[in-house]
Amino acid sequence: MKILITRPVVITGDGGTRSFVPGLTVEVDTPTAEQILAQQAGIVAEPVAPAEAPAPRRRKPADAET
């Protein structure tokens, strides 16, 4: 998940300690992203695509005339 860091944050996990500075866009795993978002230190840079996108609406002939 891509996260845009908005405030300085330090995350400690199994892989060690990582620090992020404001303005940085990082690709992190879901648990790390959840920690950053929980601390209100970042925002989602790319929205996560839904599992199924709705099918586009088909136009009826009556719709084309109006």
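Residues numbered from 1 in each chain as written. Predicted model: local features only at pLDDT ≥ 70, side-chain atom pairs only at ≥ 80, totals over all residues. Heavy atoms only, no water.

A. Region of the structure containing the environment of E46. By the element assignment, E46 lies in the loop between β5 (42–44) and α2 (61–65). Each C-alpha atom, one on E46 and one on I3, is 7.5 Å from the other, the two residues being 43 residues apart in sequence. (Helix = DSSP H or I, 4+ residues; strand = E, 2+ residues; numbered from the N terminus.)

B. Representation of the side chain of T32 in the model. Within the fold, T32 resides in helix α1 (residues 30–38). Overall, the relative accessible area of 11% leaves T32 in the buried class. Separated by 2.5 Å, the side chains of T32 and D29 make a polar contact. (Buried < 20%, exposed > 50% of the residue type's maximum accessible area, 1.4 Å probe, protein only. Polar contact = N/O pair within 3.5 Å; in protein donor to acceptor, adjacent residues only side chain to side chain.)

C. Expanded view of the nonpolar core. I3, I5, V9, I11, F20, V26, V28, A33, I36 and A41 form the largest nonpolar core, which has 10 residues in total. Elements with a contribution of two residues or more to this core: β1 (2–5), β2 (9–13) and α1. Those residues in contact with V9 that sit more than four places away from it in its chain are R18, S19, F20, Q39 and A41. (Core = buried A, V, L, I, M, F, W, Y, C linked by side-chain atoms within 4.5 Å. Contact = heavy atoms within 4.5 Å.)

In short, the description is geometric, and any link to function would need to be established separately.
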